[in-house]
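Reading the structure
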Amino acid sequence: MRALTVTPGRPGSLEVADVPDPTPAPGELLVEGIALGVCGTDREIARGEYGWPPPGAQRLVLGHESLGRVRQAPDGSGFAVDDLVTGVVRRPDPVPCGACARGEFDMCRNGRYTERGIKELDGYGSQQWCVPTEYVVRVDAALQRVGMLIEPTSVVAKAWEQIDRVGGRSWFEPRTVLVTGAGPIGLLAALIGVQRGLDTHVLDRVTDGPKPKLVRDLGATYHHEDVDAVAMALQPDIVIEATGAAAVVFAVLQQTSAYGVTCLTGVSPAGRHIQVDAGAVNREIVLENDVVIGSVNANLNHYRQAADALARADVGWLEALITRRVRLDDALKAFDDDGSDIKVVIDL
């Protein structure tokens, strides 16, 4: 079969290659790969910035935003041939730490977890793949063209769950959410905000292209003005920060409502310096009981929440998030990034 592979740590090693067909172990599904979403993590691995192949191997099958169709299922597994499924990315560490032992492997404490297509496990970027039945989620049949969006949606489902937990320290009835960044994570975070009945606002830099319309079609409000002005006017109860831009992060931290919760989902690059009035930021957080949290990855419950959220969404809106599709043989084109795409998908 054909698969998208890379030698981690070696720039320019990304290629579509022949690899052996997989054989499911006991308790595993055999899945025909349908499509694979491409994200910033995949591009970073392709550039040689990080990534770890399986033990004893040199190359890694890339890809973690999966969608496939079951071709073989163990008896009593609850899955059947032709079911649409998506595979969970992370696996718990072998120790396991306390969090992993309780199914919260997204919160692993010792860093010994593994991840499909990223760290020590081959990914889902192949024409067939196998997955243990406890690390796969069924996808609604209506999502057959967009089901690969469940993985990024699981990341924001976790972020919303963490916001709820933090807000539960006291009375918490948020009305307004500001999402900074209108990439896939930001737009999917806004989708859930609208589904929750919140007054949802999205801030991004662009003034044309698909992003403003996608936000408006959700019933949310799109902004492209200065972040300080937007945040000051809104005084949001919740901020979901999806840019990783340091200037945006510190701007929103100072402009939430009292008891505001800011959830950081974007990863900031190191080595860039900005001037920040740290005292003012600290004063704001302390005197208003604000909270800043980071959130990354997802566990099985978050995948299920994501599958439910997408099943309730307008499929046409979800399809509009996918701005480009390429065939597997042309998969390297999916890694060309001129900033105009929202989500690129490889058809397997």
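Structure's up top.
Here's a quick rundown of the structure. (Residues numbered from 1 in each chain as written. Predicted model: local features only at pLDDT ≥ 70, side-chain atom pairs only at ≥ 80, totals over all residues. Heavy atoms only, no water.)

Attention now goes to helix 7 (residues 246–253). Residues spaced three or four apart along an α-helix face the same direction, because each turn holds 3.6 residues. Turning to helix 7, its buried residues are Val 248, Val 249, Ala 251, Val 252 and Leu 253. If you follow the buried residues of helix 7, they end up packed against strand 12 (176–180), helix 6 (227–234), strand 15 (238–241), strand 16 (261–264), helix 8 (278–287) and strand 17 (291–294). (Buried < 20%, exposed > 50% of the residue type's maximum accessible area, 1.4 Å probe, protein only. Helix = DSSP H or I, 4+ residues; strand = E, 2+ residues; numbered from the N terminus. Contact = heavy atoms within 4.5 Å.)

The next subject is unusual backbone geometry. Among all residues save glycine, negative phi is the norm, and among peptide bonds the norm is trans. A cis geometry characterises the amide bond from Val 95 onward to Pro 96, with omega recorded as -15°. Residue placement: Pro 96 occurs in the loop between strand 7 (90–91) and helix 2 (98–101). Look at Asp 82: it is not a glycine, yet its phi comes out positive at around 85°. Along the chain, Asp 82 falls in the loop between strand 5 (65–72) and strand 6 (84–87).

Turning to the sheet that holds strand 4 (residues 60–61), a few remarks are in order. Here we have three strands laid out as an open sheet, ordered 2-1-4, and antiparallel in their pairing. Two strands lie at the open edges of the sheet, namely strand 2 (15–18) and strand 4, each paired on one side alone. Two strands pair when backbone bridges link them, and strand 1 (residues 2–6) and strand 2 are joined in this way by four bridges, in the antiparallel orientation. Its bridge partner being in strand 2, Arg 2 is matched across the sheet by Asp 18. (Pairing = 2+ DSSP bridges.)

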